[in-house]
Amino acid sequence: MKKILGVFQNKHMHWVGDGFPVYNLFSYDRLGQSISPFLLLDYAAPYRFEPTTAQHGVGTHPHRGFETVTIAYQGEVTHKDSAGGGGTIKAGDVQWMTAGGGILHQEFHSPAFAEQGGLFEMVQLWVNLPAHSKMTPAKYQAIDAAQIQRIALDDVGSELRVIAGQYQDTQGAATTFSPVNVWDGTIVEGQQHHFYVTEGHTTLLVLLAGEVTLNEVQQIQSPSLVVLSREEIDFSIKAEQDSKFLILTGQPLNEPIEGYGPFVMNSKTEIAEAIHDFNSGKFGVM
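The rules behind the values
Residues numbered from 1 in each chain as written. Predicted model: local features only at pLDDT ≥ 70, side-chain atom pairs only at ≥ 80, totals over all residues. Heavy atoms only, no water. Helix = DSSP H or I, 4+ residues; strand = E, 2+ residues; numbered from the N terminus. Rg over C-alpha atoms; globule rule 2.2 N^0.38 Å. Buried < 20%, exposed > 50% of the residue type's maximum accessible area, 1.4 Å probe, protein only. Contact = heavy atoms within 4.5 Å. UniProt positions renumbered as here; feature names shortened; annotations may be inferred.

**What to know about the overall build of the protein chain**
And then number 1: Within the protein chain one finds three helices and 26 strands.
And then number 2: Computed over its C-alpha atoms, the radius of gyration of the protein chain comes to 18 Å, within 12% of the 19 Å expected for a compact globule of 286 residues.
And then number 3: Counting only C-alpha atoms and orienting by the principal axes, one finds that the protein chain spans roughly 55 × 45 × 35 Å.
And then number 4: Within the protein chain, buried positions represent 55% of all 286 residues.
And then number 5: For the protein chain, the share of sequence-separated contacts (at least 6 apart) that also reach a separation of at least 24 residues comes to 72%.

Below, the structure written as structure tokens:
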């Protein structure tokens, strides 16, 4: 079985804009190459918004050098970007945006959700692009819940959704620039399951809700990140409560990581170029 290299927990919420109350569960500035090709994960745990006609979210801002993946569990987000991408994601949907060489975008609660109010719950994951793809043209993948294959893990309701990569013979809905798996799962209290991943991949377990025992030895409470070894291919999860989790695996890029706010490149020179290009209007207009 894979070794447990670290368990990280964050119970301190902060706001991104005025629409996303999040817990940051990992970031490259703290964990570096140990989580490559992943960069960051924010979890907007269930939060109730009152009905409003105001616009809540994050206004126009730039990105370069990586991809943002938004998984909607409750609530709705409307996206618009300078490459012409956009749309509204609802519960079960995924938005996969490739910033590539540069993009401006904005994301707000959908007008329908804002007017009705209710519980809001999302994950946003940042996935790094390999150096040869960092300046690829920006693109947007709007993935409806119906496009995401669901796999029953048992006969009592545990299941896995394959958002990206492959689980057994099931292909993920998203396209990626390097080998990456994003599996979105739920496991019913009392159930135990073994998962198998590619040896050599970075392997992260993100426990969003509930409580599990990992590899029959380590009790994990939500919200938590578990970093597993790249050696070996399997690990087990037993649910002590009904639990919700993400399994993220990916081929490490083994490239320098240089980040500055919304830009993640490979060198300080490339960061300076990104800032210059943004200030020069090369990311387009909204």
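What follows picks up the thread again.
**Describing the UniProt feature "domain: Pirin C-terminal" (unreviewed entry) in the protein chain**
And then number 1: Mapped onto this numbering, the UniProt entry annotates "domain: Pirin C-terminal" (unreviewed entry) at residues 183–284.
And then number 2: A distance of 33 Å separates the end C-alpha atoms of residues 183–284, which is 12% helix and 50% strand.

**Let's talk about the UniProt feature "domain: Pirin N-terminal" (unreviewed entry) in the protein chain**
And then number 1: As annotated by UniProt and renumbered to match this structure, "domain: Pirin N-terminal" (unreviewed entry) occupies residues 25–127.
And then number 2: Note that residues 25–127 is 10% helix and 60% strand, and that its end C-alpha atoms are spaced 14 Å apart.

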